Amino acid sequence: MERIPYLGQTIHKWQVGASSFLAAPELGARLMNWNVTLGDGTIRDIIYWPEIDTLDNIAGVRGGNPILFPFSGRSYDRGEIQHWRSDDGQRRPMPMHGLARQGKFRTTRLDEGGFSAQFIPDEAAKAAYPYDYEFVVSYRFDPLSLFVELQLTNLGSSPIPWSAGHHFYFTLPWSSNRSRKDYVLETSATKYLRRDDKGALIDGPRVNSKENLDNPALIDLIHTGLKRDVFAVTETATQNRLLFRSGMAHTSPKDLSVVSWTQEEKSPFYCIEPWMGPPNAAETKVGLHTVAPGQMQKFYVEIQLS
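Residues numbered from 1 in each chain as written. Predicted model: local features only at pLDDT ≥ 70, side-chain atom pairs only at ≥ 80, totals over all residues. Heavy atoms only, no water.

1. Description of the overall build of the chain
How we decide: Runs of E in the DSSP output that reach at least two residues are strands. Runs of H or I that reach at least four are helices, and both are numbered from the N terminus. A simple rule labels every residue: compare its accessible area, found with a 1.4 Å probe on the protein chains alone, to the largest value its type can have, and call it buried under 20%, exposed over 50%, or partly exposed in between. Whether two residues touch is decided by their heavy atoms; if any such pair falls within 4.5 Å, the residues are in contact.
Looking only at helices and strands, the chain features two helices and 28 strands. In terms of its C-alpha atoms, the chain occupies a principal-axis envelope of roughly 60 × 45 × 35 Å. Out of the 306 residues in the chain, the part that is buried amounts to 52%. For the chain, long-range pairs separated by at least 24 residues make up 63% of all intrachain contacts whose partners lie at least 6 apart in sequence.

Right under this line is the structure:
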């Protein structure tokens, strides 16, 4: 593991077999890039990171893996965006994708296999999410895979709601002379949802269990009602794929979600996002999880190259 100066900050690099990982544990616990050196010496980017001039607004950088906590996506309270209503009946602010991606973290583990970092809430985060808790992001890096776990521990006397997730930006296409039509997303979803402009969940377009990534119906589509905890993206010509596994202990995969999204037709990335539930979970209660006082919950994602 190396420490590398980057845009006035220190980031970390792990070389594990053929894989190289770059991360900024204290800046949103952000995994920035994952690339693999192939047998012919060429480098394939797995997780995309753009050319940027500053890390001052790392939350807004379209790349890496922003951590979505305590809630994924947009939150609403009675139709008003960027708010939520806690169990005490009080309306509170809640930015899109929550508090962690723009937050500060304290590194608690840094070794040859990865890192763990604990969220340090500022005063705005405490006002938005007024609980006594410990939220830790942990990564383990392997030669052709990564494992990331989100852990929420309730240190207080009140139940804590959450519905966290990941926003992985994957480089696409992987190979030259290919386009999105050459890649297939496969899930075991039985429901497809979207969010309306007031935060309600509505039926989304039904797509095939194996769907080409050039299908515009996939943009901002919530795949849920999962029958299995695995899903994949495959390059059809080579059958190379990213194999995902996500879940929580004692929780059926049907309660989890996968969101597919990209910004524009020519964007060099495509996002496959494992979430604990659909957006606006605090209001709809769909995919909302609760940590009892003195208890802990974990949400894990594993990604393998095959």
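2. Details of the sheet that holds strand 24 (residues 241-247)
What counts, and what does not: For two strands to be treated as a pair, DSSP must find no fewer than two bridges joining them. Throughout, an axis means a line fitted to C-alpha atoms (over the contacting stretch in the case of helices), and angles, computed between N-to-C directions, take values from 0 to 180 degrees.
Read from one edge to the other, the open sheet built from nine strands follows the order 11-12-13-14-28-24-23-18-21, with strand pairing classed as antiparallel. Each end of this open sheet is capped by a strand with a single partner; those strands are strand 11 (104-111) and strand 21 (210-212). Shown here is a sheet whose adjacent strand axes are inclined to one another by a mean of 15°, direction ignored. Pairing geometry for strand 23 (residues 230-235) and strand 24, over five bridges, is antiparallel. By the bridge assignment for strand 24, Phe231 is matched with Phe244.

3. Here we look at the packing of aromatic side chains
How we decide: Only rings of Phe, Tyr and Trp enter the pairing, Trp through its six-membered ring, and a pair is recorded when the two centres are within 6.5 Å. The plane angle decides the type: under 30 degrees is stacked, over 60 is edge-to-face, the rest tilted. A positively charged side chain is recorded as over a ring if its NZ (Lys) or CZ (Arg) lies within 6 Å of the ring centre. The angle to the ring normal must also be within 35 degrees.
Across all of its chains, the model carries 27 aromatic pairs by this definition. Measuring from centroid to centroid gives 6.3 Å for Trp261 and Phe269, while their planes differ by 25°, and the two rings are stacked. On the basis of relative accessibility, which here comes to 16%, the residue Trp261 falls in the buried class. Note on Phe269: relative accessible area 4%, which makes it buried. Within the aromatic cluster, the residues linked to one another by ring pairs are Phe69, Phe71, Trp84, Phe105, Phe119, Tyr129, Tyr131, Tyr133, Phe135 and Trp162. One Lys or Arg, Arg44, reaches over the ring of Trp174 and ends 4.1 Å from the middle of that ring.

4. Looking at the nonpolar core
In plain terms, the rule: By nonpolar core is meant a set of buried Ala, Val, Leu, Ile, Met, Phe, Trp, Tyr and Cys residues that side-chain atoms within 4.5 Å join together.
Phe69, Tyr129, Phe135, Leu146 and Trp162 are the most contacted members of the largest nonpolar core, which totals 67 residues. The biggest single contributor to this core is strand 13 (residues 133-142), with five residues. Counting eight residues, the second-largest nonpolar core is a separate cluster that includes Ile11, Ala24, Met32 and Leu55.

5. Let's talk about the pattern of salt bridges
Quick reminder of the rule: Any Lys or Arg side-chain nitrogen found within 4 Å of a carboxyl oxygen on Asp or Glu counts as a salt bridge.
Overall, the coordinates contain 13 salt bridges when judged by the stated rule. When the shortest N-O distance is used, the salt bridge between Asp77 and Arg85 registers 2.8 Å. In this structure Asp77 comes out as buried when scored by relative accessible area, which is 3%. Arg195 is paired through a salt bridge with Asp220; the nearest N and O atoms lie 4.0 Å apart. Pair noted here: Arg195 is in strand 19 (residues 191-195) and Asp220 is in the loop between strand 21 and strand 22 (221-224), with a separation of 25 residues, a long-range link. A residue is classified by how much of its surface remains accessible, and Arg195, at 21% relative accessible area, is partly exposed. When salt bridges that share partners are traced, they join Asp77, Glu80, Arg85 and Arg91 into one network.

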